[in-house]
Every structure is written in structure tokens, then in C-alpha cells.
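Fold and contact review
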Amino acid sequence: MAPAAMGRAILPAVPDNRLVNERDEALLRRAIELAARAGQAGERPFGSLLVAADGTVLVEDHNTVNSERDISAHPELKLARWAARELTPDTAANVTMYTSCQPCGMCATAIETAGLGRVVFALSADQFFALVPAGSARRPVRYDGPALLAEASEPVRRHHPTFTESPAD
């Protein structure tokens, strides 16, 4: 399912010294509505939207991990991919993502790579996990490394010829 393009303004920008202003709160409420819809549809309850600097909603989506049988079908990742395809770097830098929950590591990396300028979220990751029943937590994964640093560095050096640091083995 492709993210839904919107093209409608929610509220005008409101200059404010707070980190989150009234316009942000209204747009967060939309993300929460999308999350609620996802939950009602049998999906995990997450929703996100991208908003241009003028307040125009560019695109919105919700989690579709279950229906698509795709563990990466997070709304934040889908919208970051949309932004990387559809927006110029200058435009992306002036776009804000509003999302019902703090993006996971996978989504945060995609958001940074897409060059989005700002993310506003409702629940922090800690708040989310405090709400999730203990039995539904994911199993920890063991990560071993780094290893073979000199060998692994070569493709990076070739791709980034200005890279001059030598990793310690």
C-alpha cells in the first residue's frame, strides 16, 4: 500500500519558543488518529505524516506490518522512502514528520538519510514500551563485532576517497 498523498493545509505556522507548538499538537493528533485506525484494522498502532513548511500535509500513512507481512512496513520508513524519491534535498530539509511514536532505529536512519529536517513524536520509545505488555517484548539479539576492520574498511575507503582515518584492529 502506497502512502496517501494529501496536499491540504492543517493550520498556519505558529511561531513559538516551545519545542512543540499548537500546530505541532494538531498534526500530532492526526498521527494519533492514523495510529488508532491502524490498530482498528488489525495493524500495530502507529501513524505518521509529512508536512511542508507552509503546513501542507504532503503524505500520510500507518503501520501495515501485519497486512503486508513485511517487518519494515513502518509508516516512518514508508514516508522517509517517499520523501527520498519525491522531494529535492532542499525541500526535504524543510519538511517535518509527525508521528505517533518515536521512530525506531531503522526508521530514524531512513529519516536521516532522506534528509528530513525535523521529527515531532507523541510517545517516546520508553513511554511506548511501558505501555506494552511484558510478554510481547522482543527477544534480545546478540551482536558480535566489530571484526575484520581493515578488510571491512576497504570498500568504504573506495567509496569515500577522502576517508583518511585508519581503523584500529
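Check the entry above for the structure.
Notes on the structure in this doc start here. These numbers come from a predicted model, not from an experiment.

Comments concerning the overall build of the chain
If you tally the helices and strands in the chain, you get seven helices and five strands. When burial is assessed residue by residue, the chain has 34% of its 169 residues classed as buried. In the chain, of all internal contacts separated by at least 6 residues, the share reaching a separation of at least 24 is 51%.

Quick notes on the side chain of T99
If you trace the backbone, T99 turns up in strand β4 (residues 96-101). Residue classification places T99 among the buried residues on the basis of a relative accessible area of 0%. Separated by 2.9 Å, the side chains of T99 and E76 make a polar contact. Among residues more than four places away in sequence, those in contact with T99 are L28, A31, G47, S48, E76, V119, V120, F121 and A122.

Topic: the pairing of β4
Counting buried positions along β4 gives six out of six residues, so the element sits mostly inside the fold. Bridge count for strand β2 (residues 47-51) against β4 is four bridges, and the pairing is antiparallel. In the sheet register, L50 faces β4, and the bridge partner there is M97. One ladder, built from five bridges, connects β4 with strand β5 (residues 118-123); its direction is parallel. If you follow C101 over to β5, its bridge partner there is L123. The β-α-β motif built from β4, the intervening helix α5 (residues 105-114) and the parallel element β5 has right-handed crossover chirality.

Cut-offs and rules
Residues numbered from 1 in each chain as written. Predicted model: local features only at pLDDT ≥ 70, side-chain atom pairs only at ≥ 80, totals over all residues. Heavy atoms only, no water. Helix = DSSP H or I, 4+ residues; strand = E, 2+ residues; numbered from the N terminus. Buried < 20%, exposed > 50% of the residue type's maximum accessible area, 1.4 Å probe, protein only. Contact = heavy atoms within 4.5 Å. Polar contact = N/O pair within 3.5 Å; in protein donor to acceptor, adjacent residues only side chain to side chain. Pairing = 2+ DSSP bridges. Right-handed = clockwise from strand over helix to strand, strands pointing away.

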